[in-house]
Structure formats: C-alpha cells, structure tokens
Amino acid sequence: NAGVMQNPRHLVRRRGQEARLRCSPMKGHSHVYWYRQLPEEGLKFMVYLQKENIIDESGMPKERFSAEFPKEGPSILRIQQVVRGDSAAYFCASSPPTGNEKLFFGSGTQLSVL
Amino acid sequence: SQQGEEDPQALSIQEGENATMNCSYKTSINNLQWYRQNSGRGLVHLILIRSNEREKHSGRLRVTLDTSKKSSSLLITASRAADTASYFCATGPMNRDDKIIFGKGTRLHILP
C-alpha cells in the first residue's frame, strides 16, 4: 500500500513562472492537507480539501495560490507568477474519511524560485 | 482553531539521557498527536492520546495529557542518535471539518 506520493521532489522555477505541485493521497483517503515549511520553522497550514470540495482555505494567500482535489487524479497546489518568497518546502498529508486523527505525510516538494 | 506550541524550541542532550518536550494549546480538543520530522523529510506520526486519557506509552515514548492545563508532554527515554529530529505536536479537532494545526516544533539533537 503506497504512502502519500508527492511530485516533483524538487522544482525550480524562475520568477513569474507557474508552479504545479501534485499529491496523491494514500489509497482510501479522501481528505488532503497542504502545508508550507520554511527552513528551521514549523508547518504552516494552507488548505484542507475533500474530493471536489475545499473545506478550509484560510491559510492560502489571497492571490496567485489555488488548490484542487478532483474526483479523479491527484490534488494539485498551483502557484502562479512565483516570487522568491514562495521558495519553501510544501508538504501534503492525507487522512481517511473516518476522521482526521492521524495524518500521513508525503516527502514534500522543495520549490526554489530563482 | 487549535494550535500547539512546543517548548523548548531546541534541546541538546547526551545519548542515553531522557528528553522531554512540552506542548501547550488553547481550545478544547478531541485528541493530541505527536509527530517527528527528520531533516528534509515529511512528518511521521508517533503517538496519539485522546482527551479522556492521561498517559500513554509506546516503546520508548511516553506521552501525558493534562486537559485542565491544556498541555502535553512527550518523553523519550534512553535517547539514541537516531532520535535526532524535530518533534511537533498537533491538536486533533472536535469537528471533522476543523483543520489540524502544528506548532513550531522542538529541535532535538542527541550528542554522541
């Protein structure tokens, strides 16, 4: 049973380009979280999604950032017109429909903006 | 929304000693969870303690929960070099649609 899969592992973008980060939750999991982490800091909540539904996006910047979790396929975190300040590690976690008592994390995507 | 705050921010101890980390939170919870993060990796779930429990053990881990003080502690006994990592607490919400929020973590360094 594969764990949470995130890709790419590393992503390099130039300022102004778009970044698309993908997350495939564990089999049977219907809920996905995205978190952002800067070096030596904790995880900052961004968005909480259920299939085809955004439950809580209070941690998402108002502009340039969007997230989706379609009925089929992985969850996507999209950052448009990236800036240097977007450089960070982005982690995805999933949980089963029965409850969010335990999160299973992917290995993260390290985004570097040149 | 709930939030865990860990202390200390950083902790260095000799191998073989016990390490204690604390977590405080603000609102009512369903459970409290501890996670470990090795450098450059995702978080790994260590242990969950429910709001009606006071203490829980798992191998060399011991977690306590005091809901009256809104605090928890994680004790790692007989520390090993492999325990070097960051440790985070997270509060499990009462409502299924409430998000799980992590604190800033405690960076534990085990000295040889």
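Scroll up to find the structure this text is about.
Fair warning: this is a prediction, and the values are worked out from it, not measured in the lab.

Caption draft 1: Structural view of the state of the cysteines. All names here are of chain A. Tallying each qualifying case throughout the model produces two disulfides over all chains. Put simply, Cys 23 and Cys 92 are joined by a disulfide, and their sulfur atoms are 1.8 Å apart. With the S-S bond torsion at -50°, the cross-link from Cys 23 to Cys 92 turns out left-handed. In this pair, Cys 23 sits in strand E3 (residues 19–24) while Cys 92 sits in strand E9 (residues 88–95), placing the two residues 69 residues apart along the sequence. The same class applies to Cys 23 as to Cys 92, namely buried.

Caption draft 2: Fine view of the pairing of strand E9 (residues 85–92) of chain B. Residue and element names in this part refer to chain B. Most of E9 sits out of view: eight of its eight residues are buried. In the sheet, strand E4 (residues 31–37) pairs with E9 via seven bridges, with the strands oriented antiparallel. Residue pairing in the sheet places Tyr 35 in a bridge with Phe 88 of E9. Examined bridge by bridge, E9 and strand E10 (residues 106–111) share three bridges and lie antiparallel to one another.

Caption draft 3: Quick peek at the pairing of E3(A). All names here are of chain A. Across the two faces of E3 the burial differs, with Ala 19, Leu 21 and Cys 23 buried and Arg 20, Arg 22 and Ser 24 not buried at all. Alignment of strand E1 (residues 5–7) against E3, held across three bridges, turns out to be antiparallel. From the neighbouring strand, Gln 6 faces E3, where its bridge partner is Cys 23. Relative to strand E8 (residues 75–79), E3 runs antiparallel, the two sharing five bridges. Across the sheet, residue Arg 20 finds its bridge partner in E8, namely Arg 78.

Caption draft 4: Region of the structure containing the interface of chain B and chain A. Every contact between the two is made by 24 residues of chain B and, on the other side, 27 residues of chain A. Between chain B and chain A the total buried area reaches about 1,900 Å² when both faces are included, carbon and sulfur atoms providing 46% of it. Counting the surface chain B buries against chain A, the share from its top three residues, Arg96(B), Lys99(B) and Ile100(B), is 33%. Ionic pairing is found between Lys99(B) and Asp56(A), a salt bridge with its closest N-O pair at 3.1 Å. At the boundary of chain B and chain A, one finds eight residue pairs in polar contact (both at pLDDT 80 or more).

Rules used throughout
Residues numbered from 1 in each chain as written. Chains lettered and ligands numbered in written order. Predicted model: local features only at pLDDT ≥ 70, side-chain atom pairs only at ≥ 80, totals over all residues. Heavy atoms only, no water. Disulfide = S-S within 2.5 Å. Helix = DSSP H or I, 4+ residues; strand = E, 2+ residues; numbered from the N terminus. Buried < 20%, exposed > 50% of the residue type's maximum accessible area, 1.4 Å probe, protein only. Pairing = 2+ DSSP bridges. Contact = heavy atoms within 4.5 Å. Buried area = accessible area lost by both parts, 1.4 Å probe. Salt bridge = Lys/Arg side-chain N within 4 Å of Asp/Glu carboxyl O. Polar contact = N/O pair within 3.5 Å; in protein donor to acceptor, adjacent residues only side chain to side chain.

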